[in-house]
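If you want the building blocks of each chain, they are given just below.
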Amino acid sequence: MEPALEAHRLHFAFTITFHYLFPQLTMGLALLIVYLKTQALRTGDEHYNRSARFWARIFGINFALGVVTGIPMEFQFGTNWAEFSKTAGGVIGQTLAMEGVFSFFLESSFLGLFLYGEKKLGRIGHWWSAVLVFVGSWLSGYFIVATDAWMQNPTGYVIGPHGEIVLSSFWGLLLNRWALWQYAHNMLGAVQTGCFVMAGIGAFYLLTKRDEPYGKTFVRTGVIVGAIAACLQLFPTGDMQGKLIAEYQPATLAAMEGVFRTEEGAPLVILGQPDVQNRKLDNPLQVPRMLSFLTYQKWAAKVKGLDSFPQELWPDRIALLYYSYHVMVGLGTIFIAVMGLAAILLWRGKLYETKWMLWLLMISIPMPYIANTAGWMTAELGRQPWLIYGLMRTAHGVSPQVGAGNTWFTLIGFMGMYTVLAILFLFLVWREIEIGPEPRKTAGPELDSLVAD
Amino acid sequence: METIWFCLVAVMVALYVLLDGFDLGAGAIHLFVARTDEERRQVLASIGPVWDGNEVWLLAAGGTLYFAFPALYAGAFSGFYLPLMMVLWLLILRGTAIEFRNHIKSAVWDPLWDFLFCASSLLLAVFYGAALGNVVRGVPLDGSGYFFEPLWTNFRLGEQTGILDWYTVLVGVLALAALVMHGALWVQWKTPGPVSERSARVAGRAWWAIVALTALVTATTFRIQPQVLANFKTWPWGFILPVVAVAGLAGVKFELARKDERKAFFASCAYLTGMLTSAVFGLYPMVLPGRNPAYSLTTTSAKAGLYGLQVGLIWWAMGMVLAAGYFTYLYRSFAGKVNIEGDSHESDD
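1. A few points about the overall build of chain B
Regarding its fold elements, chain B presents 13 helices and two strands. Taken over the C-alpha trace, chain B has a radius of gyration of 20 Å; the compact-globule value for 349 residues is 20 Å, and the two agree within 12%. In terms of its C-alpha atoms, chain B occupies a principal-axis envelope of roughly 65 × 45 × 40 Å. Counting across all 349 residues of chain B, residues that qualify as buried make up 57%. Intrachain contacts of chain B at a sequence separation of at least 6 include 74% that bridge at least 24 residues.

Below you can see the structure in the form of structure tokens.
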């Protein structure tokens, strides 16, 4: 691969991966905060308002990092992927501009009111501000997913006289079948992140025997919503995503599943390291005929392996794609088990005393982040070698005059800056958890006193 | 159709400069007009609930530019690669500084963020000015619609220009002065007591610098970019735009003397609008002039397909009505001078 192309790909991959750590919690938490605010309004119990305020503080820190790391994303289409922008900007610029116009204005206007205006707005007004922030963040998610879905499965376009891609159907772009399923799947992933974080921090409070009423609320909310989301994640949304890939990106499906040879009654690979050179899996652990059944509902159905496709149509990072996919599916399955078990214990009234389960919930906090990241890596590595599936190769999309040296310069800059941001984020969120949901008399312990301790 | 979008993008950029301009300016004077922690909290509170929304105009304008003029987005953004990345870093630093500063009160926490907030705001103003200078001066486009500028070459206006040369630095300094005044007038309007008074003094001093720099930049621009003069000759009604700028600038001085804080700020808005629209008017139909005029990108050569532009007009108009509604509501609920007591949720318990 050309050095500049390599650098540009890594540049986007790094900045988007880091960025998406924040919006997934924002979107998931926004839903849960609306739930808490609704409970507060319905029951009139101040407990729910205090819970909502605690999560609003964490939401605020998280949102700020989502905003500052999000701005570079839109810019990078032009700076690093100019040829792509020039060719396809008339189409994907639409959804990206709509995100700014319809969701960012909404979110940014009401977030300040939500975070700082509770007194001014009153109970109902504040509930509305929470709802509008939720709507804004979920709309934003849709426009981004629609943009990506168009790159996965382009719709509503024609090719113009100079090879540029021209929009021909607005609704074709916006209501792309791929976008609808990918959105549902993606948002459930975000909800799971919100649920695991909420339940995990609740479990932490229960295990350390502090703020226990809040701990119970957090665990209960996280587990109930999380169990539902974990199931829907697999079926129908994950299942449909798989079927869409089988239909539109068959070479990708083969690479994801580690199927090198076309087979009738193909097995589902659970474990095994792909050896792309020799076209085989090392020490495979497989469920016979399962892949055929899952994809086509027939035990003997033929699944096309990579050998059915010319090598230049293979995704160019097969091993990484295979692992991303397996990590995502593996974790998704574990989530159903963890959340399902916790939900049963909750139903039986034993969850708050079952220490091992609370421990499990607490240490699971990073897991949905890994699963969401792996999911996006599956989608984007699976799209390779295409930038726009079937229309434009990734190698043809980069900025022709931005060399590897300048790209590495800015990539290293982002890496350094994001490392500092990550440390600050963890520090500030940890501080909020430490301060806890109980109303504070002052603005909380000060840094000097924390350090002095 | 492309002329409509040319105007709409210009309006969005102008709104971005007017809105984010005052919070950038407030940042640039932060360390100088506010000395105690309480005063600094006042400056931050004067932009706190709105700065993020203001910055969204940059994203919305960028997105609109993207789908209306994809070739311009591609050419300009990849050509201005280095300064844009630095602008992004500064925006990240600045956003973090504003949001994180008030989380902890400590002798090693808030002074650091105050400094970063001020420094990044200051540099952003200069960068934006230099960017505008680059666009007006023209860039070394080749026939493919691309170029790449290093940060500087020899600081002259030759064939191979850099981002920085004597002209773009000059425009950068003017932009800094203009946003310092704009921000100072905002802070003067929105804060009470000594911060307000110091801001008025800063604005008064910046005013003189702006008068001198505006004259200088205008004179050099006519020489550097002949299209500007040609456009004003072709469409003499365009002279109304520089007249608005001059009237705005005079208005600032007049209202400062009368101590009408609100009107002084709006006069500054008129000045900025007049200057920006004059520049945009002077470049039309070019959207990115080339050092070699034959390679300039124009509204026609950079535009997207007609259907996309038409359908965009519908949702864009709807979105703008909504955005105008949010902003009216937001700025209304935030009217009057800031009072840093009781503006956070902690005090509700």
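After that view, the rundown keeps rolling.
2. A word on the overall build of chain A
Regarding its fold elements, chain A presents 14 helices and eight strands. In terms of C-alpha radius of gyration, chain A reaches 23 Å, essentially the compact-globule figure of 22 Å for 453 residues. Overall, chain A is about 65 × 50 × 45 Å in size when its C-alpha atoms are taken along their principal axes. Among the 453 residues that make up chain A, the fraction classed as buried is 52%. Summarising the internal contacts of chain A: among those between residues at least 6 apart in sequence, 73% fall at separations of at least 24.

3. Brief notes about the packing of helix H3 (residues 82-116) of chain A against helix H3 (residues 51-68) of chain B
Running from amino to carboxyl end, H3 of chain A crosses H3 of chain B at an angle of 165 degrees, the nearest separation of the two axes being 6 Å. Taken as axis vectors, H3 of chain A and H3 of chain B run roughly antiparallel relative to one another. With respect to the hand of their crossing, H3 of chain A and H3 of chain B are arranged in left-handed fashion. Classifying every residue of the contact of H3 of chain A with H3 of chain B gives eleven nonpolar, twelve polar and two charged.

4. Focus on the pairing of strand S4 (residues 268-275) of chain A
All names here are of chain A. In this sheet, strand S5 (residues 280-287) lies alongside S4 in antiparallel orientation, the contact comprising six bridges. From the neighbouring strand, Pro274 faces S5, where its bridge partner is Leu281. Where S4 folds back on S5, the antiparallel hairpin that results is connected by four residues, among which Arg279 adopts a positive phi of roughly 55 degrees.

5. Structural notes on unusual backbone geometry
Residues and elements named next belong to chain A. Of note, the bond from Phe235 into Pro236 is cis; its omega dihedral lies within 30 degrees of zero at 10 degrees. Take Pro236: it is sitting in helix H7 (residues 212-248). A positive phi is found at Gln297, a non-glycine position, where the angle reads about 60 degrees. Within the element layout of this structure, Gln297 appears in the loop between helix H9 (290-296) and strand S6 (302-303). Residue classification places Gln297 among the exposed residues on the basis of 9 C-beta atoms within 10 Å.

6. Considering helix H5 (residues 81-100) of chain B
Under the 1.5 Å per step criterion, the end-to-end length of H5 of chain B is 28 Å for 20 residues, consistent within 8% with the ideal 28 Å. The element H5 of chain B is largely enclosed, with a buried count of 17 among its 20 residues.

7. Concerning the interface of chain A and chain B
Across the boundary between the two partners, chain A contributes 63 residues, which contact 63 residues of chain B. Looking at the side of chain A that touches chain B, the elements that each hand over two or more residues are helix H2 (46-79), H3, helix H4 (118-152), strand S2 (165-167), helix H13 (404-435) and helix H14 (447-452) of chain A. Counting residues per element, the side of chain A that touches chain B draws most heavily on H3 of chain A, at 25 residues. Here the residues of the side of chain A that touches chain B sort into 33 nonpolar, 19 polar and eleven charged.

8. Here we look at the nonpolar core
Nonpolar side chains in soluble globular proteins generally cluster together in the buried interior. Counting residues in each nonpolar core, the largest one holds 263 residues, and the members touching the most others are Ile33 of chain A together with Leu72, Ala125, Ala175, Val180 and Met181 of chain B. Ranked by residue count, the leading element in this core is H3 of chain A, at 19 residues. Setting aside its immediate chain neighbours within four residues, Leu72 of chain B contacts Leu65, Val287, Leu288, Leu297 and Ala302 of chain B.

9. What about the environment of Leu106 of chain A?
Structurally, Leu106 of chain A is set in helix H3. Sequence separation of Leu106 of chain A and Leu358 of chain A is 252 residues, and the distance between their C-alpha atoms is 37 Å. Look past the residues within four positions of Leu106 of chain A in its chain and what remains in contact with it is Leu132, Val135 and Gly136 of chain A together with Tyr326 of chain B.

10. Observations concerning the packing of helix H1 (residues 3-43) of chain A against H2 of chain A
Residues and elements named next belong to chain A. Axis separation between H1 and H2 bottoms out at 7 Å; the angle between their running directions is 150 degrees. Relative to H2, the element H1 lies roughly antiparallel. Once H1 is placed against H2, the crossing between them reads as left-handed.

11. Here we look at the confidence of the model for chain B
Residue and element names in this part refer to chain B. Here chain B averages 92 in pLDDT, and 97% of its residues register 70 or above. Of all helices and strands in chain B, the one with the weakest mean pLDDT is helix H12 (residues 299-302) (89), whereas helix H7 (residues 166-190) scores best (96). Model confidence for the complex is summarised by a pTM of 0.93, with the ipTM given as 0.92.

12. So, the environment of Leu345 of chain A
All names here are of chain A. Note on placement: Leu345 falls in helix H10 (residues 318-347). In this structure the C-alpha to C-alpha distance between Leu345 and Asp239, which are 106 residues apart in sequence, comes to 28 Å. Excluding anything up to four places from it in sequence, Leu345 contacts Lys350, Leu351, Thr354 and Met357.

Cut-offs applied
Residues numbered from 1 in each chain as written. Chains lettered and ligands numbered in written order. Predicted model: local features only at pLDDT ≥ 70, side-chain atom pairs only at ≥ 80, totals over all residues. Helix = DSSP H or I, 4+ residues; strand = E, 2+ residues; numbered from the N terminus. Rg over C-alpha atoms; globule rule 2.2 N^0.38 Å. Buried ≥ 20, exposed ≤ 12 C-beta atoms within 10 Å, placed from the backbone. Contact = placed C-beta atoms within 7 Å. Axes fitted to C-alpha atoms, helices over the stretch in contact; angles between N-to-C directions. Parallel < 35°, antiparallel > 145°, perpendicular 65-115°, else oblique. Left-handed = near helix turned anticlockwise from the far one by under 90°. Nonpolar A, V, L, I, M, F, W, Y, C, P; charged D, E, K, R; others polar. Pairing = 2+ DSSP bridges. Expected span 1.5 Å × (residues − 1). Core = buried A, V, L, I, M, F, W, Y, C linked by C-beta atoms within 7 Å. pLDDT = per-residue confidence, 0-100.

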